[in-house]
Amino acid sequence: MAPAASVRFGQYPPARRTLLHLSDTHLLAGNAPLGGRYDTAANLSRTLAAAEATGIRPDAIVFTGDLTDLGEPEAYARLRAAVEPVAERMGAPVVWVAGNHDERPAMRRDLLGLEPTHEPVTGVWDLGGLRLVGLDSSVPGWHHGDLDHAQLGWLRHVLATPAPLGTILVMHHPPLPSHIPFFDILELRDQGRLAEVIAGSDVRAILAGHLHYSTSGTFAGVPVSVAAASCYTMNLARAAVEVNGMDAGQSFHLVHVYDDTITHAVVPVVEAPTADVFSAEWVERMSRLTPEERLEAFSRKRH
């Protein structure tokens, strides 16, 4: 039986690349409850299990920051222990991005195996022609975001040569507005400088985190997709001035990169009964029909 993902029923060919996008794990040493209430390790485990249950083989697993809550060495070690076996089974590299709750020296030493300096944590990954560029929007000692002139100069140099499938930027602080007042204080500052660097480049999308809720928009004409947190999410079913965290609504994104578009599917991490109408067997049966027969069998209304 052919894998379902290889069966083409519509006008679009299969995605050229697939990314698994997660964010804001906020792990703590000793698995101390975050804020006295959230089991971040358990919630990460549930999120990873849900991601693995999709059966995808992503080209990369991307974590967009706030990997730990206090930047503790033990927390980074726990994160590696939780994620690396899953990444190995999926056969995918892991892209780690720094967030405002991370500490650069510990992250560099205990997660990345690098010298424990205060230098920004940046990187470039070539995924068979799709280029991921990791930016470090963290500001040591602060929770708002920024990209200094040196990092923007480095980004300009990287983008000077286009990639065959284009570029996706991955960062923590999203260059988007938020309707929640306190996020305005903690936003990415001086966003116009970033807009100038990516203008006319091959940047096709920006992946981010920080907000603890899923949202999307555009920045300088580039689509921006924000993944919700695995640790806890914002309860948006409240007035904006009363939004706070809740231990529900966790999710991750499946990012599918096509020739002419990129989609970002929000996958909720929930335990709920699921119908069993569709299956690999159903797809296989449909694959044996002609396009006209498929429309007759599945598209025609039968009242």
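Here goes a summary of the coordinates provided. (Residues numbered from 1 in each chain as written. Predicted model: local features only at pLDDT ≥ 70, side-chain atom pairs only at ≥ 80, totals over all residues. Heavy atoms only, no water.)

**A look at the overall build of the protein**
Point 1. The number of helices and strands found in the protein is 8 helices and 13 strands.
Point 2. Relative to its length of 303 residues, the protein is compact, with a C-alpha radius of gyration of 20 Å against a globular reference of 19 Å.
Point 3. In terms of overall dimensions, the protein has C-alpha extents of about 60 × 45 × 40 Å along its principal axes.
Point 4. By residue count, 46% of the 303 residues in the protein fall in the buried class.
Point 5. Taking contacts inside the protein between residues at least 6 apart in sequence as the whole, the part at least 24 apart equals 68%.
Point 6. Of the accessible surface of the protein, which amounts to about 14,900 Å², a share of 53% is contributed by carbon and sulfur atoms.
Point 7. Averaged over its 24 positive side-chain charges, the protein has a centre that lies 7 Å from the centre of its 35 negative ones. (Helix = DSSP H or I, 4+ residues; strand = E, 2+ residues; numbered from the N terminus. Rg over C-alpha atoms; globule rule 2.2 N^0.38 Å. Buried < 20%, exposed > 50% of the residue type's maximum accessible area, 1.4 Å probe, protein only. Contact = heavy atoms within 4.5 Å. Areas by Shrake-Rupley, 256 points an atom, 1.4 Å probe, with all protein chains shown as cover. Lys, Arg positive; Asp, Glu negative; His and termini not counted. Charge placed at Lys NZ, Arg CZ, Asp CG, Glu CD.)

**Observations concerning the packing of aromatic side chains**
Point 1. Summed over the entire model, instances satisfying the criterion amount to 8 aromatic pairs.
Point 2. Taking the centre distance of 5.0 Å and the plane angle of 80° together, the rings of F278 and W282 count as edge-to-face.
Point 3. On the numbers, 5.0 Å between centres and 70° between planes, the contact of W282 with F298 is edge-to-face. Taken as a pair, W282 in helix α7 (residues 280–287) and F298 in helix α8 (residues 291–299) lie far apart in primary sequence, 16 residues in all.
Point 4. W282 sits in the buried class, given a relative accessible area of 16%.
Point 5. Of the aromatic side chains, those joined through ring pairs into one cluster are F182, F183 and Y213. (Phe/Tyr/Trp six-rings, centres within 6.5 Å; stacked < 30°, edge-to-face > 60°.)

**Some words on unusual backbone geometry**
Negative phi values dominate among residues other than glycine, just as trans dominates among peptide bonds.
Point 1. Its identity as a non-glycine residue notwithstanding, D24 has a phi of 50°, on the positive side.
Point 2. With respect to the helices and strands, the residue D24 is situated in the loop between β1 (17–22) and α1 (40–53).
Point 3. Of note, D66 is a non-glycine position whose phi angle comes to about 50°, a positive value.
Point 4. On the secondary structure map, D66 appears in the loop between β2 (60–64) and α2 (73–90).

**Notes on the pattern of salt bridges**
Point 1. Following the criterion strictly, the structure yields 11 salt bridges and no others.
Point 2. Residues E52 and R89 are paired through a salt bridge, measuring 2.6 Å at the closest nitrogen-oxygen approach. Of this pair, E52 sits in helix α1 while R89 sits in helix α2, placing them 37 residues apart in sequence.
Point 3. Given a relative accessible area of 26%, E52 falls into the partly exposed group.
Point 4. One salt bridge in this structure joins R193 and D146, with 3.0 Å as the shortest N-O distance. (Salt bridge = Lys/Arg side-chain N within 4 Å of Asp/Glu carboxyl O.)

**Here's the deal with a nonpolar patch on the surface**
Point 1. Nonpolar side chains collect at one region of the surface, where V277, F278 and F298 lie side by side and expose about 340 Å² of accessible area between them.
Point 2. Structurally, the position occupied by V277 is in the loop between β13 (262–268) and α7.
Point 3. Judged by its relative accessible area of 57%, V277 is exposed. (Patch = residues over 30% accessible without salt bridge, like charges linked within 9 Å, V, L, I, M, F, W, Y side chains within 5 Å.)

**With respect to the sheet that holds β13**
Point 1. The 5 strands lie next to each other as β3-β2-β1-β12-β13, forming an open sheet whose pairing is mixed. What marks the edges here is a single partner per strand, and that holds for β3 (94–97) and β13. Put simply, the sheet's adjacent strands are angled 20° from each other on average, direction ignored.
Point 2. In terms of strand pairing, β1 meets β2 through 4 bridges, oriented parallel. Considered in β2, the bridge of L22 is made with F63.
Point 3. Each of β1, β2 and β3 is contacted by α2, which is oriented at about 145° to β3, the strand it contacts most. (Pairing = 2+ DSSP bridges. Axes fitted to C-alpha atoms, helices over the stretch in contact; angles between N-to-C directions.)

**Regarding the pairing of β13**
Point 1. For strand β12 (residues 251–257) and β13, the ladder comprises 7 bridges, and the chain directions are antiparallel. Paired with H253 across the two strands is V266, which belongs to β13.
Point 2. Turn length for the β12-β13 hairpin, with the two strands adjacent in sequence and antiparallel, is 4 residues.

**Describing the environment of D126**
Point 1. By the element assignment, D126 lies in strand β4 (residues 123–127).
Point 2. C-alpha separation for the pair D126 and G245, spaced 119 residues apart in sequence, amounts to 36 Å.

**Points about the nonpolar core**
Point 1. Core analysis: the biggest nonpolar cluster contains 33 residues, and L155, L169, M171, L194, I198 and I206 have the highest contact counts within it.
Point 2. Only α4 (149–159), α6 (191–198), β7 (203–208) and β9 (222–226) provide two or more residues apiece to this core.
Point 3. The dominant element in this core, judged by the number of residues it contributes, is α4, at 4 residues.
Point 4. When sequence neighbours within four positions are dropped, the list of residues in contact with M171 reads T64, V97, L135, S137, L147, L188, L194, I206, L207, A208 and G209.
Point 5. In this structure, L27, I61, V86 and A106 belong to the second largest nonpolar core, which totals 29 residues. (Core = buried A, V, L, I, M, F, W, Y, C linked by side-chain atoms within 4.5 Å.)

So far we have only geometry, and geometry alone does not tell us how the molecule works.
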